[in-house]
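Residues per chain are reported as follows:
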Amino acid sequence: MTTRIVGVIGGSGLYEMDGLVDRGEHRVSTTFGDPSDVVIAGTLGETRLLFLPRHGRGHRIPPHRINYRANLLALKQLGAEQVISISAVGSMQEDIHPGDVVLVDQFIDRTRSRPTTYFDDDGVVAHVEFADPIDAALQDALYRAALEVGVRARRGGTYVCIEGPQFSTRAESDLYRSWGTTVIGMTNLPEARLAREAELPYATVALVTDYDCWRREEAAVSVDAVLAVLKKNVGTAQAMLRAVASKIPDPAQSPATNAMRHALITPPSHISAAAKEKLAALIGRHLS
Ligand SMILES: CSC[C@H]1O[C@H](OP(=O)(O)O)[C@H](O)[C@@H]1O
Ligand SMILES: Nc1ncnc2[nH]cnc12
């Protein structure tokens, strides 16, 4: 039996992972800085889970200050082969309700201030393919897990990622709806971009907490309202993770696992030794 190693990035409300066997903590540092917190490792059925709370325990780090590069790289350094993101989102559609799960498959970027690439100022240029940011096999496993758990789940949808930390204006919310978006959040697009550069298949479990502010007949989203729904959603997330542990696909079959092979445009002979060292844990095998 092959043990799969899966990184789980827990979002708002999910700061711990229940039911792990052989639990241990890893303090990791990377050449891109430190991740949001220690990584909790443990076994869930046939799967080795590496859990990292995105905002840190105690929810200390706002979405625009999270070191997404260090988070993904720390998980990769610990052996993660793929990554599941758990995230709180607002619904942009009438028929998607608080408590529902959306397994998104597309993103729109409205962020402004975040480092969203590992290939920045080290003299290494890469343009990775990103047409389909979500790993289809991992998404499929999560959908089957959602059905098993009995949560109302929708497969597919577009996540608009705003800069935050403020919620949107009504005009923005109306605009995003006119674009056909499904859910709204502040974190998953930088993560998906970096996961692809780190050659980690990535899938998002979007847990709906509110209707943002486009629905004029009810109060606009607030942290209080989000937290109230999150209490229930955390149980859903934990149950889905337990259910998906026996369904994790073979990462070798994912196109993401070899994403950088044709993405690097700078030939290795033009890459400095310092840059090679900095990027070694990420894509060392493509640099020689
Ligand atoms: C607490 S509401 C806003 C906050 O919740 C979401 O976080 P995450 O994606 O980590 O679950 C959203 O993106 C904002 O960061
Ligand atoms: N309405 C919303 N906008 C942005 N991020 C969110 N996270 C949860 N609800 C949200």
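Residues numbered from 1 in each chain as written. Chains lettered and ligands numbered in written order. Predicted model: local features only at pLDDT ≥ 70, side-chain atom pairs only at ≥ 80, totals over all residues. Heavy atoms only, no water.

- Labelled according to an unreviewed UniProt entry, the protein appears under the name S-methyl-5'-thioadenosine phosphorylase, originating from Sandaracinus amylolyticus.
- Quoted verbatim from the Pathway (unreviewed entry) field of the UniProt record, the comment on the protein reads "Amino-acid biosynthesis; L-methionine biosynthesis via salvage pathway; S-methyl-5-thio-alpha-D-ribose 1-phosphate from S-methyl-5'-thioadenosine (phosphorylase route): step 1/1."
- Quoted verbatim from the Sequence similarities (unreviewed entry) field of UniProt, the annotation for the protein is "Belongs to the PNP/MTAP phosphorylase family. MTAP subfamily." (UniProt positions renumbered as here; feature names shortened; annotations may be inferred.)

Some remarks on the UniProt feature "binding site: phosphate" (unreviewed entry) in the protein
Now for step 1: Mapped onto the present numbering, the UniProt feature "binding site: phosphate" (unreviewed entry) falls at Ser12, Arg54, His55, Ser87, Ala88 and Thr187. These annotated residues cover 176 residues of sequence, and their C-alpha atoms all fall within 12.2 Å of one another, placing them together at a single site.
Now for step 2: Considering the arrangement of structural elements, one finds serine 12 in the loop between β1 (4-10) and β2 (21-26).
Now for step 3: Serine 12 has contacts with His55, His59, Ala88 and Leu230, leaving out every residue within four places of it along the chain.
Now for step 4: The residue threonine 187 is located in the loop between β10 (183-185) and α4 (188-197) in this model.
Now for step 5: Each residue touching threonine 187, except ones within four places of it in the same chain, is listed here: Arg54, His55, Pro63, Ile66, Tyr68, Ser87, Arg114, Tyr159 and Cys161.
Now for step 6: Within the structure, threonine 187 has its side chain in polar contact with the side chain of asparagine 188 (distance 2.9 Å). (Helix = DSSP H or I, 4+ residues; strand = E, 2+ residues; numbered from the N terminus. Contact = heavy atoms within 4.5 Å. Polar contact = N/O pair within 3.5 Å; in protein donor to acceptor, adjacent residues only side chain to side chain.)

A short note on the packing of helix α2 (residues 136-149) against helix α5 (residues 223-244)
Now for step 1: One can describe the packing of α2 onto α5 by two numbers: an axis separation of 8 Å at closest approach and a directional angle of 115°. Note on packing geometry: the crossing formed by α2 with α5 is right-handed. The residues of α5 that touch α2, namely those facing Ala141, Leu142, Ala145, Ala146, Glu148 and Val149, are Ala239, Met240, Ala243 and Val244.
Now for step 2: By residue class, the composition of the contact of α2 with α5 is 9 nonpolar, no polar and 1 charged. (Axes fitted to C-alpha atoms, helices over the stretch in contact; angles between N-to-C directions. Left-handed = near helix turned anticlockwise from the far one by under 90°. Nonpolar A, V, L, I, M, F, W, Y, C, P; charged D, E, K, R; others polar.)

Quick word on the site of ligand 2
Now for step 1: As a structural note, the neighbourhood of ligand 2 is formed by Ala88, Val89, Gly90, Phe167, Ile184, Gly185, Met186, Thr209, Asp210, Asp212 and Val221.
Now for step 2: Here alanine 88 contributes a backbone N or O atom positioned 3.3 Å from a nitrogen atom of ligand 2.
Now for step 3: About the coverage of ligand 2: the protein hides 94% of its 270 Å² of free accessible area.
Now for step 4: Broken down by element, the residue count for the shell around ligand 2 peaks at 3 residues, all from strand β5 (residues 82-91).
Now for step 5: A breakdown of the residues in the shell around ligand 2 according to their chemical character gives 6 nonpolar, 3 polar and 2 charged. (Near = heavy atom within 4 Å. Areas by Shrake-Rupley, 256 points an atom, 1.4 Å probe, with all protein chains shown as cover.)

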